[in-house]
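# Survey of secondary and tertiary structure
What follows is the residue order along each chain.
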Amino acid sequence: MLRFLLVRIASAIPVLIILSMVTFAIIQAPPGDYADFIRSQLMNQGGASFAQADAQAQIYRHEHGLDRPLVVQYFNWIGGIVTKGDFGYSMFYNKPVADVVGERLPRTLALALVCHLFASVLGIGFGIWAATRQYSWIDSLLSGISFLGMTVPRFLMALIIVYILVFQLNVSEIGSFYSPQYGGAPWSWDKFVDLVKHVWPVVAIATFGGLAYNMRVMRGNLLDTLNAQYVETARAKGLSGAAVVMRHAVPNALHPLVMYQGVVLPYMLTGEIETAIIFALPTVGPAIVGSMAVGDVYVTATFMMVLSATLIVGNIIADMLLALLDPRVRQQGGIH
């Protein structure tokens, strides 16, 4: 298993390098950079003429290396990461990119992992419940919920909830994790309850999509597995229905969901990003959109690299979980 893990990590390094090149090039492809944003700000808010604003923009562009060729900028950025762990300087936030990531990424990961936990537990449980009661009203109800979760866009659900909270329920505290009185307060039960009150819409919306997928896949695979020969043999031996389902059918029906873990973390992160943008929470989503809008390239590139790394790590974890779940995978892959 250790050898398998080391080989997968080693093979992931070239993939990350290629992704970093492609990501950096795509981000830089649109015309304009942060110096252009400074010029527009000087003209619109500072009252400067175009010549004065453009002169300041050119000075800023030269001081921060934005006038250098794209290849030079990329190697300066990637060289700082490899040699010094320096992800660059955020021009928009006026602080190192590592600080911006350190502030926003843990919150995003925490929300995504909570959503993933709820989506997995509820989705798999509902999928088993629906499959063992095929064609009943419970199966029809859960199938309808799954259809809605797979088809309704999450940003649309977020907009509907924002409308209900703000215009119907007169909720004013949108766009923060805590109420003002709990912002700098130490952890307590009241602070945790206040946090839940602020983030439940994001958690609910991001969970709904993952829950629907897990439920749909679990139901379909479990129905196929329940008709397999070895399940019929287990029933013929006199095992109870619950034992046949949980001990023999469910572990094999879980294989596609285990493989799904390879993409679930980036999927949950993007689900959180969509809803967090609507709710203006200080997480990764608004930071990516804001940095792209003003040309803060190093923030955008770093966050995109983080999302790419989560996809690679997720695939490695999925392979290891599948190998632990199914001995045949270990034998075929030479994993010990």
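Here's what I pulled together on the structure shown here. (Residues numbered from 1 in each chain as written. Predicted model: local features only at pLDDT ≥ 70, side-chain atom pairs only at ≥ 80, totals over all residues. Heavy atoms only, no water.)

On to the side chain of K191. Inspection of the secondary structure assignment puts K191 in helix α8 (residues 189–226). Once you skip the residues sitting within four places of it in the chain, K191 turns out to touch Y178, Y182, G183, A185 and P186. (Helix = DSSP H or I, 4+ residues; strand = E, 2+ residues; numbered from the N terminus. Contact = heavy atoms within 4.5 Å.)

For the rest of this paragraph, the subject is the packing of aromatic side chains. A full pass over the atoms with the stated rule returns 13 aromatic pairs. Pairwise contacts between aromatic rings join F24, Y74, F75, W77 and Y298 into one cluster. The ring of W187 has K191 sitting right over it, with the charged end atom 5.2 Å from the ring centre. (Phe/Tyr/Trp six-rings, centres within 6.5 Å; stacked < 30°, edge-to-face > 60°. Lys NZ or Arg CZ within 6 Å of the ring centre and 35° of its normal.)

With that out of the way, let us pick up helix α4 (residues 70–84). With 15 residues, α4 extends 21 Å between its outermost C-alpha atoms, agreeing within 8% with the 21 Å of an ideal straight helix rising 1.5 Å per residue. Every buried residue of α4 is accounted for by Q73, Y74, W77 and G80. Down the axis, α4 shows its buried residues gathered within 135 degrees of arc, on one side only. For α4, exposure combined with an orientation more than 90 degrees from the buried face picks out V71, V82 and T83. Among the residues trailing α4, G85 stands out with phi positive, at a value near 65 degrees. (Expected span 1.5 Å × (residues − 1). Buried < 20%, exposed > 50% of the residue type's maximum accessible area, 1.4 Å probe, protein only. Arc of directions from axis to C-beta.)

In this model helix α3 (residues 50–63) runs 20 Å from its N-terminal to its C-terminal C-alpha over 14 residues, within 8% of the 20 Å that 1.5 Å per residue would give. Buried within α3 we find A53, D54, A57, Y60 and R61. Burial along α3 is one-sided: seen end-on, the buried residues are contained in an arc of 125 degrees. Among the exposed residues of α3, those oriented more than 90 degrees off its buried face are A51, H62 and E63. If you follow the buried residues of α3, they end up packed against α2 (34–44). Positive backbone phi, at 70 degrees, marks G65, one or two positions downstream of α3.

Below, the discussion takes up unusual backbone geometry. Even without glycine at this site, N94 takes up a positive phi of about 60 degrees. Its location among the elements puts N94 in the loop between β1 (89–90) and β2 (95–96). A relative accessible area of 55% places N94 in the exposed class. One non-glycine residue, Y135, adopts positive backbone phi at about 70 degrees. By the element assignment, Y135 lies in the loop between α5 (97–131) and α6 (137–151).

This part covers the packing of α8 against helix α10 (residues 241–253). At a minimum axis separation of 8 Å, α8 and α10 run at an interaxial angle of 125 degrees. With respect to their mutual orientation, α8 and α10 come out oblique. Every pair of crossing elements has a handedness; the one defined by α8 and α10 is right-handed. Across the interface between the two elements, M218, N221, L222, T225 and L226 of α8 pack against V245, A249, V250, N252 and A253 of α10. Here the contact of α8 with α10 is composed, by residue class, of 7 nonpolar, 3 polar and no charged. (Axes fitted to C-alpha atoms, helices over the stretch in contact; angles between N-to-C directions. Parallel < 35°, antiparallel > 145°, perpendicular 65-115°, else oblique. Left-handed = near helix turned anticlockwise from the far one by under 90°. Nonpolar A, V, L, I, M, F, W, Y, C, P; charged D, E, K, R; others polar.)

In this section: the environment of I161. With respect to the secondary-structure elements, I161 resides in helix α7 (residues 154–168). Through-space distance from the C-alpha of I161 to that of L16 is 37 Å; in sequence the pair is 145 residues apart. Setting aside its immediate chain neighbours within four residues, I161 contacts W200, P201, I205 and F279.

For the rest of this paragraph, the subject is the packing of α7 against α8. Two elements in contact, α7 and α8, have axes separated by 10 Å at closest approach and are oriented at 150 degrees. Overall, the two elements α7 and α8 adopt an arrangement that is roughly antiparallel. When you trace α7 past α8, the crossing you get is right-handed. Note on element contacts: α8 touches α7 through W200, P201, I205, A206 and F208, opposite R154, M157, A158, I161 and L165. Here the residues of the contact of α7 with α8 are counted per class, giving 9 nonpolar, no polar and 1 charged.

Looking now at the nonpolar core. Within the largest apolar cluster, 19 residues are counted, with the highest numbers of intra-cluster contacts made by F24, W77, V284, I288, Y298 and F303. Among the elements of the structure, α4, α5, α12 (284–294) and α13 (297–325) are those that each provide at least two residues to this core. Looking at which element gives the most residues to this core, the answer is α13, with 8 residues. C115, I161, F177 and A276 belong to the second-largest nonpolar core, a separate cluster that totals 17 residues. (Core = buried A, V, L, I, M, F, W, Y, C linked by side-chain atoms within 4.5 Å.)

It is worth spelling out the pattern of salt bridges at this point. Inspection of every chain in the model, using the stated rule, returns 6 salt bridges. When the shortest N-O distance is used, the salt bridge between D36 and R61 registers 3.1 Å. Of this pair, D36 sits in helix α2 while R61 sits in helix α3, and the two are 25 residues apart along the sequence. Given the relative accessible area of 11%, R61 is considered buried. Close ionic contact of D54 with R39 constitutes a salt bridge, the shortest N to O distance being 2.7 Å. Residue D54 is found in helix α3, and its partner R39 is found in helix α2; the two are separated by 15 residues along the sequence. Taken individually, D54 and R39 each receive the classification buried, so the pair is uniform in this respect. (Salt bridge = Lys/Arg side-chain N within 4 Å of Asp/Glu carboxyl O.)

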